[in-house]
Protein chains: 2
Amino acid sequence: MNKKLLDVAAGRVKADTVIKQARYLNVYTGEALCGDIAIVDGYIAGIGEYEGKRTYFADGLVVPGFIDGHVHIESSMTLPRSFAAEAFKHGTTTVVCDPHEIANVAGVYGIRFMIDDSRGGDVDFKFMLPSCVPATSLDQSFCTLSAADLAPLYKDKSVIGLAEVMDAFAVIRGEDAVLDKIDRATRLGRAVDGHAPCLGGKELCAYVAAGVKSDHECTTMDEAMEKLRLGQFVMIREGTAAHNLEALVGLVDRYYDRCMFVTDDMHPEVLIQKGHIDRIIRKAVALGADAVKAITAATLTPARYFGLTDRGAIAPGLRADLAVLDEELFVKAAFSGGKKQKSKVRDWDFDTFMVSPITKADLDCGKKEVLGIVKGQLLTDDCGTADGVDGSRDIVKLFAAERHHGTGHKAACYLKGYGIKKGAVATSIAHDSHNIIAAGYDESIVLAVNELIRIGGGIVVTDGERMMSLPLEIGGIMTARPCGQVAEQLEEIKRFAFSLGVNEGVDPFMTLSFLSLPVIPKVRLLPSGVVRM
Amino acid sequence: MNKKLLDVAAGRVKADTVIKQARYLNVYTGEALCGDIAIVDGYIAGIGEYEGKRTYFADGLVVPGFIDGHVHIESSMTLPRSFAAEAFKHGTTTVVCDPHEIANVAGVYGIRFMIDDSRGGDVDFKFMLPSCVPATSLDQSFCTLSAADLAPLYKDKSVIGLAEVMDAFAVIRGEDAVLDKIDRATRLGRAVDGHAPCLGGKELCAYVAAGVKSDHECTTMDEAMEKLRLGQFVMIREGTAAHNLEALVGLVDRYYDRCMFVTDDMHPEVLIQKGHIDRIIRKAVALGADAVKAITAATLTPARYFGLTDRGAIAPGLRADLAVLDEELFVKAAFSGGKKQKSKVRDWDFDTFMVSPITKADLDCGKKEVLGIVKGQLLTDDCGTADGVDGSRDIVKLFAAERHHGTGHKAACYLKGYGIKKGAVATSIAHDSHNIIAAGYDESIVLAVNELIRIGGGIVVTDGERMMSLPLEIGGIMTARPCGQVAEQLEEIKRFAFSLGVNEGVDPFMTLSFLSLPVIPKVRLLPSGVVRM
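Residues numbered from 1 in each chain as written. Chains lettered and ligands numbered in written order. Predicted model: local features only at pLDDT ≥ 70, side-chain atom pairs only at ≥ 80, totals over all residues. Heavy atoms only, no water.

### Details of the overall build of chain A
Then, in step 1: Helix and strand counts for chain A stand at 17 helices and 25 strands.
Then, in step 2: Computed over C-alpha atoms, the radius of gyration of chain A comes to 24 Å, within 12% of the 24 Å expected from 2.2 N^0.38 for 533 residues, which places it in the range of a compact globule.
Then, in step 3: With respect to the three principal axes, the spread of C-alpha positions in chain A is 80 × 50 × 45 Å.
Then, in step 4: Counting over 533 residues, chain A shows a buried share of 64%.
Then, in step 5: Within chain A, contacts between residues at least 6 apart in sequence are counted, and of these 70% link residues at least 24 apart.
Then, in step 6: Each charge class in chain A can be summarised by its mean position, and for the 60 positive and 71 negative side chains these summaries are 4 Å apart. (Helix = DSSP H or I, 4+ residues; strand = E, 2+ residues; numbered from the N terminus. Rg over C-alpha atoms; globule rule 2.2 N^0.38 Å. Buried < 20%, exposed > 50% of the residue type's maximum accessible area, 1.4 Å probe, protein only. Contact = heavy atoms within 4.5 Å. Lys, Arg positive; Asp, Glu negative; His and termini not counted. Charge placed at Lys NZ, Arg CZ, Asp CG, Glu CD.)

### Examining the interface of chain B and chain A
Then, in step 1: Contact residues are listed per partner, giving 47 residues for chain B and 47 residues for chain A.
Then, in step 2: When chain B packs against chain A, the two sides together hide about 3,700 Å² of surface, and 59% of this comes from carbon and sulfur.
Then, in step 3: Taken as a group, B:Tyr28, B:Lys202 and B:Arg229 account for 17% of the area that chain B buries against chain A, more than any other trio of residues on that side.
Then, in step 4: Linking chain B to chain A there are four salt bridges.
Then, in step 5: A salt bridge links A:Glu31 to B:Arg229; the shortest N-O distance between them is 2.7 Å.
Then, in step 6: Here the side of chain B that touches chain A takes five residues from helix H7 (residues 201-209) of chain B, the largest share from any one element. (Buried area = accessible area lost by both parts, 1.4 Å probe. Salt bridge = Lys/Arg side-chain N within 4 Å of Asp/Glu carboxyl O.)

### Let's talk about helix H12 (residues 277-286) of chain B
Then, in step 1: The buried fraction of H12(B) amounts to seven of the 10 residues, a majority that puts the element mostly inside the structure.
Then, in step 2: Among the residues making up H12(B), those that are buried are B:Ile277, B:Asp278, B:Arg279, B:Ile280, B:Ile281, B:Arg282 and B:Ala284.

### Side note on the environment of A:Gly65
All names here are of chain A.
Then, in step 1: Among the structural elements, Gly65 can be located in the loop between strand S5 (61-64) and strand S6 (66-71).
Then, in step 2: Taking relative accessible area as the criterion, Gly65 reaches 6% and is therefore assigned buried.
Then, in step 3: Taking the C-alpha atoms as reference points, Gly65 and Ala334, 269 residues apart in sequence, are found 7.4 Å from one another.
Then, in step 4: Ignoring sequence-local partners within four residues, the contact set of Gly65 consists of Gly91, Thr93, Ala298, Thr299, Asp321, Leu322 and Ala323.

### Observations regarding helix H3 (residues 100-118) of chain B
Residues and elements named next belong to chain B.
Then, in step 1: Under the 1.5 Å per step criterion, the end-to-end length of H3 is only 15 Å for 19 residues, more than 12% shorter than the ideal 27 Å.
Then, in step 2: The sharpest bend along H3 reaches about 135° and sits at Ala106.
Then, in step 3: For H3, the buried fraction is high: 17 of the 19 residues fall into the buried class.
Then, in step 4: Where H3 ends, the next residue or the one after it, Gly120, has phi of about 90°, a positive value. (Expected span 1.5 Å × (residues − 1). Bend = angle between axes of the 7 residues up to and from the residue.)

### Side note on the sheet that holds strand S13 (residues 259-262) of chain B
Residue and element names in this part refer to chain B.
Then, in step 1: Spatially, three strands are ordered S11-S12-S13 in an open sheet, and the strand pairing comes out parallel. Either end of the sheet is taken by a strand with one partner, and the two such strands are strand S11 (214-215) and S13.
Then, in step 2: As paired elements, strand S12 (residues 233-237) and S13 share four bridges and run parallel to each other. Note on S13: the bridge partner recorded for Met235 is Met260. (Pairing = 2+ DSSP bridges.)

### Focus on the sheet that holds strand S11 (residues 214-215) of chain A
Residues and elements named next belong to chain A.
Then, in step 1: Read from one edge to the other, the open sheet built from three strands follows the order S11-S12-S13, with strand pairing classed as parallel. Both edges of this open sheet fall to S11 and strand S13 (259-262), since each of them pairs with a single strand only.
Then, in step 2: Of the strand pairs in this sheet, S11 and strand S12 (residues 233-237) are connected by two bridges, and their pairing is parallel. Its bridge partner being in S12, Ser214 is matched across the sheet by Phe233.

### Examining the relation of the copies chain B and chain A
Then, in step 1: Mapping chain B onto chain A is achieved by rotating through 180° and translating by 0.0 Å along the same axis, at an RMSD of 0.0 Å. Overall, the copies show the geometry of a two-fold rotation axis.
Then, in step 2: Mapped onto chain A, 100% of the interface residues of chain B are again interface residues, and the two copies thus contact each other with one and the same surface. (Least-squares fit on C-alpha atoms with pLDDT ≥ 70 in both.)

### Thoughts on the pairing of strand S2 (residues 31-40) of chain A
Residues and elements named next belong to chain A.
Then, in step 1: With eight of 10 residues buried, S2 lies mostly within the body of the structure.
Then, in step 2: Alignment of strand S1 (residues 15-26) against S2, held across eight bridges, turns out to be antiparallel. Bridging from a neighbouring strand, Tyr24 pairs with Leu33 of S2.
Then, in step 3: Taken together, S1 and the strand that follows it, S2, pair antiparallel across an intervening segment of four residues, in which Gly30 is found at a positive phi of about 75°.
Then, in step 4: Here five bridges tie S2 to strand S3 (residues 43-48), and the two strands are oriented antiparallel to one another. When the bridges of S3 are listed, Ala38 appears paired with Gly46.
Then, in step 5: Counted between consecutive antiparallel strands, the loop separating S2 from S3 contains two residues, among which Asp41 sits at a positive phi close to 50°.

### Topic: the environment of B:Asp176
All names here are of chain B.
Then, in step 1: When you line up the elements, Asp176 lands in helix H6 (residues 176-187).
Then, in step 2: Overall, Asp176 belongs to the exposed group, its relative accessible area being 53%.
Then, in step 3: As for Asp176 and Gln489, which are separated by 313 residues in sequence, their C-alpha atoms are 45 Å apart.

### Side note on the pattern of salt bridges
Then, in step 1: Per the stated rule, a full pass over the model turns up 64 salt bridges over all chains.
Then, in step 2: The salt bridge involving A:Arg173 is made with A:Glu175; its shortest N-O contact spans 2.8 Å.
Then, in step 3: A residue is classified by how much of its surface remains accessible, and A:Glu175, at 35% relative accessible area, is partly exposed.
Then, in step 4: One salt bridge connects B:Arg393 with B:Asp390, and the closest N-O pair in it is separated by 4.0 Å.
Then, in step 5: On the basis of relative accessible area, B:Asp390 is assigned to the partly exposed category, the value being 24%.
Then, in step 6: Linked through salt bridges whose partners overlap, the residues forming this network are A:Asp124, A:Lys126, A:Asp310, A:Arg311, A:Arg319 and A:Asp321.

### Details of the packing of aromatic side chains
Then, in step 1: Taken as a whole, this structure holds 18 aromatic pairs over all chains when the rule is applied.
Then, in step 2: Their ring planes at 65° and their centres at 6.1 Å tell us that B:Trp348 and B:Phe350 sit as a pair that is edge-to-face.
Then, in step 3: Members of the aromatic cluster, joined through ring pairs, are A:Tyr109, A:Phe113, A:Phe142, A:Trp348 and A:Phe350.
Then, in step 4: Cation over ring: A:Arg258 sits above A:Phe233, and NZ or CZ is 4.2 Å from the ring centre.
Then, in step 5: The ring of A:Phe330 carries the charged tip of A:Arg282 above its face, separated from the ring centre by 3.8 Å. (Phe/Tyr/Trp six-rings, centres within 6.5 Å; stacked < 30°, edge-to-face > 60°. Lys NZ or Arg CZ within 6 Å of the ring centre and 35° of its normal.)

Here it is in structure tokens:
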């Protein structure tokens, strides 16, 4: 107990900072109230009449700092603190992240790296431990993380639970490996997040009975209501690719105490240009939600769900995590509380590319399956087979190669609907195992993949002569460069990809990066070959 | 994880019991829904369509079992399991108790005895550790409980937090002894209950900043709103002596997610004849509260506040703690879930009467202070001094004796407003230290006190010849006899006391039992003498 807090609260000692005559939102009672907010050592000591060494006049409504309840920072391609610098500008003060991608690439090393990097910034990072590495037994990730592998990580104070339990059917069947992970988290009193699109009825009962307490995959009100009724918290997801707010905004006014906002996967330019949780609040209000309730769903509710008793409201003893909003709910200023911990960032020192350069022979596949891209979806169509590349019918080569263990596994088939007229695109962002995936024309694929290997991962685009790359030197999925710079480079290389003919409505990189994920129907290309679901 | 739960939920195995086609209250959404509730091993597996080895048709609305958020079981004069047997009939399935009284009498031994006795019944007992033994440094209790004394008790799974921090000013001043207790509970993630009547402003900010998260002493809406706004949960108390529901019922509809119902101190006949938490719900509804919200305040909210994630609603994975209500909200049946733990009750084996018989000379006090009883209040008036007993002016003798350590401390003075015309009343229920207190005429006081010492505590009434007693052999404040029997004996001995002339509107025992509590103004008699506040 920091006694300075009591001294300031009781009026015996001056505060560090007083937000004088603040109009602030009390999320406990839903009232807009007025008072001086006294802050000392990063915590709120009292609200009332106070004097401080510094005085600040807030030009707007003071609200608790926002909490993103579920995000894979890796999708922003930047490191936690770089993400934090941008998110904080948008009033975010707590980010609950699931380092699932880096865990697939670098195991516990990757998780610890993310935790280390996250310290000391303006955003307080909390971590949920990846529960399904690899996503399924088909996937060839760097490693398999067991309950015993994860257990020591709970010692870190920033680790607050178990992340989305994706293998819902393993839970329902009662498989020990996954139940063991849930049990350990539950026994420690930690949150256990769910991921169970379209699950309902008896199967959902079993999933909930096992201890899974939330879901961020709801796409309809019916689905969300069933999950709420069974006691799950509903995380309303509004990311770069997945937009569920419009369908679920009806929850906010009635169940703001049982739902919250999350971004899940978000590209850097969205964060920079449009905002973070504040963007979702504005959209919810534009769709008709009550602003006070939307803000409560973005602050008090996630704090409660995750057991973060030191935040989520403006009250004595809580972190001085605050945002100042204008009338249109744009963030004018933000405060971040708590004790600042000095970050001990280690260098990324983990080789995730154990793979040899490829040759044109690796792309010979003869008669093979054709994966069909479905616009605006992650689903694929089964388009039969083809004998060879045929640009006039929009059929190009698709290639995948294992990169973690030097197994030499590689496979090729055909892709329809991508649109590329010449050259190739290759990337090491390939959910969830993040092996190598590439699409285009044989000679260009060889060029692009070998360049990708040479630079240690990222995104490479070539027209057959010119080569452009976005190096992601950290595990092949992130970079230490600042978020803004990454966003610009990403825009530039995306323009180059579209100039090669990639179809409108297809994201040249994100679409490609999901063609290896063996949990989405109908056909996928893995380094081990084509699989159907 | 009990896999049978998953097997039943998924429909692979039959439930133990199915409540078929139940109309039940979903406290997450506030809806009345229909479905089969499948129960196995005391837990709810699923809700939907299920088959069971036994089928039960509920003739009424099925609701979650009720939770009493704060009670001193000792005030019922019976042991936890005896209390439980009656409370369960009224739909109570969880009782959060503060063994403050027995802790004053028998320290850690007393707390452990209560925990041991509480196991194995239909009500699940949880314990908050007494934070202020003794209540203040003036009090002569059996022992002083430090943070270090309490710490090992947290190892017991039924111990869930720190009970009412009564010495609010010690907290506000920042005294280590009490902050240490709060810090330990907070670090363990446990609840810390408050007790701060009329505290507000900067002092309340300091008290809340220290980590005190609830209050059950609010008597006005203004006081409750101030506490709610600062983040405290408000416990609405409706006990035998303290009735706060009428003043606070306005909270229920708006803040049912931040308030709950508690009884604090309740005599056994109230529990038996009028009910428990169900009684408070009925009264709240009669006063205009919404029934669904009142029930939520009695179930989900306290479960959340205390971190009891395995109860408080009807959902898969939770304890099958249920009550069936008729249309007037009377309890028709109750179910109790969880794994039944076999109780290992030890005998009470702790002598709490280290005190010698008294003589008439101990009552000689000459000219002394007169304490004046204020009807219907625990407060006392300062009525100056008197030279001797004078029945015609309603001035009798008041006597107090230390009983824990054989210090020989005893003191006498005068009492006005009690009404007794002959004989005496003596009791070892004397909050909070539970020394001996007696009132009446000298010779009868000697008879009554010596009989009280002989029987090892309880309540003794004499008219100077006939002697009637309610033995409370456990610490002088409780008995192992059943609740119903105690209630009858209490009624009988109370009638005897009134027959001696005790004034209407004065409880012959409870009024007496607070005349030694040195935290209530204006004058008190302690074994060490008269004190003024």
